[in-house]
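So the chains spell out like this:
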Amino acid sequence: MEIINQPNAVGKRFYPISFKGKGSEYFGIAIVNLLLTIITLGLYYPWSKARQLQYLYGTTEFNDSRFEFHGTGAEMFKGFIKAILIITVLYGLTFLFIFMRMPIIGILVMYLGLFAIIPLAIHGSYKYRMSRTSWRGIRFGYRGDRNELFKIFIKGVLLTIVTIGIYGAWFSMNLRNYILGKIKFGNAQFTYNGDGGKFFWMNVKGYLLTIVTLGIYAFWWQKDIFNYYIDNLKLSHDDKNIEFKSTATGGDFFGLLIVNFLILIFTLGIGYPWIVARSLRFIFSKIQITGDIDFNNLIQSEENYTDATGDDMSDMLDIGFVV
Amino acid sequence: MDAVFYNGVSARPIDAQVSLLDEKQQLLIEVDGETPILIAFSDIAITHSENGLIVLSFGKNPNRVIEVRDESFRSHYLKINHSGKKGITYFKLLNAGWKVHVLLALLIIGFCFGTYFYFIPYIAESAVSILPRSFDKKVGDMAFEQSITEEEIDSVATLTMNEYLKKMMPDEYKNYHLNVVKSDELNAFALPNGEIVIYSKMLRHIKTDDELSGLLSHEISHVTNRHSMRLLCKSLSGYLLLSVMMNDVNGLMTIILDNAHNLQQLSFSRTYEEEADISGLKLLEKYKINPKGMIDLFEILQKEHSVNIPGFLSTHPVTSDRITYIKKHIKNHPFSFTPHPELMQLLTKAKTQMSN
Ligand SMILES: [Zn+2]
């Protein structure tokens, strides 16, 4: 396994990354977990989620070692209960105001509550997910500050509303720059260098061309976004770095998404696990990692963090996880 | 057995030897120049397991990881591990093979279909009892407005028929209203708001007041038992489920109202028909009306069946089976009855009043 890690002529190495999971295996896992979730009237869900993440991480290989997911059903169950409580309280308050014939205040409480919960959920989610993810026993970590994220979020939402959506591109990049810039991999540090302006014009171009081409350009737009997410990511360790580069083309995305769509239709949705597996295989096969970090020198530096409330809350509010 | 060990402090791989102590339920990890680690199976988590590779981890801080790329080690470990937790049963279920998984998938699909086509409609039907009666009226009004136009109504015969209703059942008549509608269709139906529609052709086929009373008692029983509402909810249960999930009660009411015009085309099930027949018979008993009229009417309708496909029979299926159980019910619950010349008189009057 050390052969691949040998420096080449320019002193740069290639680091292989791939998804080794199989659709059929993931299908088995999804079915067994779905069955257990149905039998337990949904109570098994946190365990089911833990199991599925464990499989997806365990079949992703970086530099010849698999990722490890250490989150447990019990942790997620506790988070699940807390998340339900928080959302129930929010709903309860809303209905109380409506009951007291103050519906405007009730709805205001609802929206402000959700507004405040989302950044907290994102924060908690990253903290938990990163701490429970490891590679060769070395944990990831999220060192973001809750208030800081909150400020970015509030400012972003308000400016996006005021500018009728235009600021959305800058908001999205600010979030990404902040969150990814606070992620540690042992004592190595991620950075993301996204530019709101570039991202904005890329999306304007994608939007206009998609309309002109009656939707066909959507695949190339998707490629542009994906590549922008990957290409601006960097990992640094001491004075050494690795860089990420996407080799995906619009044609690749066209093939991936069309086939995914056909699988979904012809299996009546049962084929969803295959879609997940082949999408992950696609994504990781299109990421090229080069640099000069020696991962053998990676040192454990991140704390354990077992509160899954934020993660479950994100799940409930259906906030996508963006790494 | 060769393994790679990560000590939870650094990512540097360390060559190690692992052995399984079957009886003691322990794993022994040996690294050159270090004290061997002995760890109980019950303290080990299976982080990943696939053909030819097993990744185990133990300890909170440091969290140590052992990676063994050997299928015989993996299957042996899964077989002898009796710790009962850390997912042994789960992994066995996973390794049950694709046939079992496909079977489970089919089972789940079957379960979903069963829920969607039987359980949800059943719940929706039962849910009618929580809808207020005023809603039945709203739906009925809407349906009446959409299906009957002013000029179709034979207003003179209608007036006589309502007098008939008043004489026939003085306690209940206030909640109902009869309409004689000029039509070549052999049909009659009742709407949830108490509007009863009899087509002129049907009225012409009816010979005695007992037959007419039998028909009316049956139609009224559909209303009192809220059959249309139940059927409507049942057939719209898919939409109902959606609107409940989206917490949209107004949407639910709108969907029902949008479908109100279908009311007269809904075909009742045997259960509903039987229920309406039996409650109808009770009404006849109350007013001492000869129940034989109901049987006579159904026999007439059955004879007409071959010529009149659309109409009463399509919405109220009459089978010989049905006539048999009505006869049986009458035999088991006999009651006294008297002739009602005043009703017969009104029926004759209405029939002569009908323009053509
Ligand atoms: Zn009927």
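Before going into details, it helps to say that this report is about the structure given with it. (Residues numbered from 1 in each chain as written. Chains lettered and ligands numbered in written order. Predicted model: local features only at pLDDT ≥ 70, side-chain atom pairs only at ≥ 80, totals over all residues. Heavy atoms only, no water.)

1. Some thoughts on the sheet that holds strand E9 (residues 188–190) of chain B
All names here are of chain B.
Move 1: Here we have 3 strands laid out as an open sheet, ordered E8-E10-E9, and mixed in their pairing. With partners counted over all chains shown, the strands left at the sheet margins are strand E8 (177–181) and E9, one partner each. Along the sheet, successive strands turn relative to each other by an average axial angle of 15°, direction set aside.
Move 2: For E9 and strand E10 (residues 195–199), the ladder comprises 3 bridges, and the chain directions are antiparallel. (Pairing = 2+ DSSP bridges. Helix = DSSP H or I, 4+ residues; strand = E, 2+ residues; numbered from the N terminus. Axes fitted to C-alpha atoms, helices over the stretch in contact; angles between N-to-C directions.)

2. Quick word on the pattern of salt bridges
Charged atoms that come close allow side chains of opposite charge to pair.
Move 1: If you walk through the whole model with that rule in mind, you get 18 salt bridges over all chains.
Move 2: The closest approach of N and O atoms between lysine 286 of chain A and aspartate 252 of chain A, which form a salt bridge, is 3.3 Å. Taken together, the residues lysine 286 of chain A in the loop between helix H10 (272–285) and strand E11 (287–291) and aspartate 252 of chain A in helix H9 (residues 250–266) connect sequence positions 34 residues apart.
Move 3: Between aspartate 141 of chain B and lysine 137 of chain B there is a salt bridge; the shortest N-O distance is 3.3 Å. One end of the pair, aspartate 141 of chain B, and the other, lysine 137 of chain B, are both in helix H4 (residues 133–147), 4 residues apart, so they sit about a helical turn from each other.
Move 4: On the basis of relative accessibility, which here comes to 31%, the residue aspartate 141 of chain B falls in the partly exposed class.
Move 5: A relative accessible area of 44% means that lysine 137 of chain B is categorised as partly exposed.
Move 6: Within this structure, Lys20, Glu61 and Arg66 of chain A together with Glu50, Glu67 and Arg69 of chain B form a network of salt bridges that share partners. (Salt bridge = Lys/Arg side-chain N within 4 Å of Asp/Glu carboxyl O. Buried < 20%, exposed > 50% of the residue type's maximum accessible area, 1.4 Å probe, protein only.)

3. Some points on the nonpolar core
Residue and element names in this part refer to chain A.
Move 1: In this structure, Phe185, Leu235, Phe244 and Phe295 are the most contacted members of the largest nonpolar core, which totals 75 residues.
Move 2: Per-element accounting of this core gives the leading share, 7 residues, to helix H6 (residues 168–181).
Move 3: Apart from the residues within four sequence positions on either side, leucine 235 is in contact with Phe185, Ala188, Gln189, Phe190, Lys240, Asn241, Ile242, Phe244, Ile293 and Phe295. (Core = buried A, V, L, I, M, F, W, Y, C linked by side-chain atoms within 4.5 Å. Contact = heavy atoms within 4.5 Å.)

4. Focus on the interface of chain B and chain A
Move 1: Facing 32 residues of chain B, the contacting portion of chain A comprises 35 residues.
Move 2: Of the roughly 2,900 Å² buried between chain B and chain A, counting both surfaces, carbon and sulfur atoms make up 63%.
Move 3: Taken as a group, Ala11, Tyr90 and Ile108 of chain B account for 19% of the area that chain B buries against chain A, more than any other trio of residues on that side.
Move 4: Our count for the chain B to chain A interface comes out at 2 salt bridges.
Move 5: Glutamate 50 of chain B is the partner of arginine 66 of chain A in a salt bridge, and the nearest nitrogen-oxygen pair spans 3.0 Å.
Move 6: Counting across the interface, chain B meets chain A through 10 residue pairs in polar contact (both at pLDDT 80 or more).
Move 7: The element contributing the most residues to the side of chain B that touches chain A is helix H3 (residues 98–126) of chain B, with 7 residues.
Move 8: A breakdown of the residues in the side of chain B that touches chain A according to their chemical character gives 18 nonpolar, 9 polar and 5 charged. (Buried area = accessible area lost by both parts, 1.4 Å probe. Polar contact = N/O pair within 3.5 Å; in protein donor to acceptor, adjacent residues only side chain to side chain. Nonpolar A, V, L, I, M, F, W, Y, C, P; charged D, E, K, R; others polar.)

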